[in-house]
Amino acid sequence: MQAPVKGRVLLSVAGFDPQHWRKRLSAGREVVLDRERPVDTSIHYAVVWNRHPGLLVGLPNLKAVFSGGAGVDHLFADPDLPDVPIVRVVADNLTQYMTEYVVWRVLDHHRQGFLYRAQQRRKAWIEPPQPAANRVSVGIMGMGELGRAAARALLTLGFRVNGWSRSGAPVEGVDVYGGSAGLDAFLGATDILVVLLPLTPATTGIVDHVLLSKLRRDNALGGAVLINAGRGLLQNSADILRALDDGVLKEASLDVFESEPLPETSRLWTHERVFVTPHAAAASDPDHLATFMLEQMDACDRGEPLRNLVDRKAGY
Ligand code: NDP
Ligand code: OXD
């Protein structure tokens, strides 16, 4: 008996090289780059990143949508998102990239990179006091796949680590605080705030001046630090700049912004105590991810459950 023809994959990934994704996904299925017909019954799966609303309308046989990344806010921004399962990226190499980014930024702030770079520009040979890692508390907002991995690496380096999540679920070695009831205590025990939250209605704009002013400023580092690699719309950049200028924040590392690319007019580009990266903390790699996606599509066709499913109600 002939094996049933596999449904096709609609691929629509803005900001990535679609041909790279197409090449990898074509190893398992026929890939459609652009919608050819208003109604397309041949498409059973979609791999999507940051595309326009309405893209997935008119696909009556769509079985699941795969996000091109870990975040799914780009999908929920589509009012016409079909009611099918959504699979997001959970992958060792993405987690590793994010862990590297967090460790890099925490160590740079901890080891006074901003100060040394300024001193080097002046050719100044000055050795400031250096606090030990165990005198510094890193607080991670979002103790999911990425937050937990970053926490493990920071614990290995000797930092104290706090976490904040919706559930407050325990994580070994970490003081985890849960929900809005735990937020102020979490912030008050945190010197370096690392934001690894998903963007949902509950988290939009959460990193504002009020929140930043609750961080511990009287600390071994001489001020509070913000690192955001979650999403730009979690933060209010004007508030971050105000916090840097009025002493609420000592320094910031930002990978994500309300508007991307970060507009040239933004003062974040030139602020001497801000480190900017272009949403590059942990990029999805089709060489690594396409195989997992194809495996999941085949499993779904066999009636097996999908992994790394998004909770539509929670929005992440
Ligand atoms: P997960 O879904 O695994 O974890 C999300 C965490 O956030 C969970 O701990 C969850 O709590 C917590 N959370 C969600 N909503 C709330 C809330 N309202 N209050 C408190 N805590 C909340 O996500 P990942 O760790 O995989 O990824 C996190 C985010 O990182 C992504 O959504 C994406 O936006 C961003 N990202 C950025 C990248 C970059 O390059 N800059 C690359 C990859 C991801 P609970 O544990 O209770 O569910
Ligand atoms: C992601 C991202 O969510 O790269 O994976 O931002």
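As shown above, the structure is provided for reference.
My aim in this report is to walk through the structure given alongside it, one point at a time. It should be emphasised that the depicted structure is a prediction, and the values quoted were computed from it without experimental measurement.

**What to know about helix H3 (residues 92-110)**
Part 1 of the argument: Between the first and last C-alpha of H3 there are 26 Å, a value that for 19 residues agrees with the 27 Å anticipated at 1.5 Å per step.
Part 2 of the argument: Where H3 ends, the next residue or the one after it, Gln112, has phi of about 65°, a positive value.

**Here's the deal with the packing of aromatic side chains**
Part 1 of the argument: On inspection of all chains with the given rule, the structure shows six aromatic pairs.
Part 2 of the argument: Note on Phe16 and Trp21: the rings are 5.7 Å apart at their centroids and 70° apart in plane angle, and the pair reads as edge-to-face.
Part 3 of the argument: For the ring pair Tyr177 and Phe186, a centre distance of 5.9 Å and an interplane angle of 65° mean the geometry is edge-to-face.
Part 4 of the argument: Of the aromatic side chains, those joined through ring pairs into one cluster are Phe16, Trp21 and Trp49.
Part 5 of the argument: In this structure, Arg105 packs its charged tip against the face of Phe275, placed 3.6 Å from the ring centre.

**Notes on the sheet that holds strand E5 (residues 86-87)**
Part 1 of the argument: Reading across from one edge, E2-E1-E3-E4-E5 is the order of the five strands in this open sheet, with parallel pairing throughout. Strands with a single pairing partner mark the edges of an open sheet, and in this sheet they are strand E2 (31-32) and E5.
Part 2 of the argument: Relative to E5, strand E4 (residues 64-67) is paired through two bridges, and the arrangement is parallel. Looking at the pairing, Val65 lines up with Ile86 of E5.
Part 3 of the argument: Across the face of the sheet, helix H1 (residues 18-25) comes into contact with strand E1 (8-13), E2 and strand E3 (43-49) while running at roughly 160° to E1.
Part 4 of the argument: Across the sheet, helix H9 (residues 286-301) touches E1, E3, E4 and E5, and the angle it forms with E3 is around 150°.

**Considering the site of ligand 1**
Part 1 of the argument: Surrounding ligand 1, one finds 27 residues, the nearest of these being Arg88, Met143, Ser167, Asp255 and Tyr316.
Part 2 of the argument: Residue Gly144 places a main-chain N or O atom 3.1 Å away from an oxygen atom belonging to ligand 1.
Part 3 of the argument: Within the side chain of Arg231, a nitrogen or oxygen atom sits 3.2 Å from an oxygen atom of ligand 1.
Part 4 of the argument: Its free accessible area being 940 Å², ligand 1 has 90% of it covered by the protein chains.
Part 5 of the argument: Counting only elements with at least two residues in the shell around ligand 1, the list comes to helix H5 (145-156) and strand E7 (160-165).
Part 6 of the argument: By residue class, the composition of the shell around ligand 1 is 14 nonpolar, eight polar and five charged.
Part 7 of the argument: Two domains share the shell around ligand 1, each providing at least three of its residues, namely domain 1 (8-89 + 284-301) and domain 2 (92-276).

Thresholds, definitions, all that
- Residues numbered from 1 in each chain as written.
- Chains lettered and ligands numbered in written order.
- Predicted model: local features only at pLDDT ≥ 70, side-chain atom pairs only at ≥ 80, totals over all residues.
- Heavy atoms only, no water.
- Helix = DSSP H or I, 4+ residues; strand = E, 2+ residues; numbered from the N terminus.
- Expected span 1.5 Å × (residues − 1).
- Phe/Tyr/Trp six-rings, centres within 6.5 Å; stacked < 30°, edge-to-face > 60°.
- Lys NZ or Arg CZ within 6 Å of the ring centre and 35° of its normal.
- Pairing = 2+ DSSP bridges.
- Contact = heavy atoms within 4.5 Å.
- Axes fitted to C-alpha atoms, helices over the stretch in contact; angles between N-to-C directions.
- Near = heavy atom within 4 Å.
- Polar contact = N/O pair within 3.5 Å; in protein donor to acceptor, adjacent residues only side chain to side chain.
- Areas by Shrake-Rupley, 256 points an atom, 1.4 Å probe, with all protein chains shown as cover.
- Nonpolar A, V, L, I, M, F, W, Y, C, P; charged D, E, K, R; others polar.
- Domains from an automatic or database assignment.

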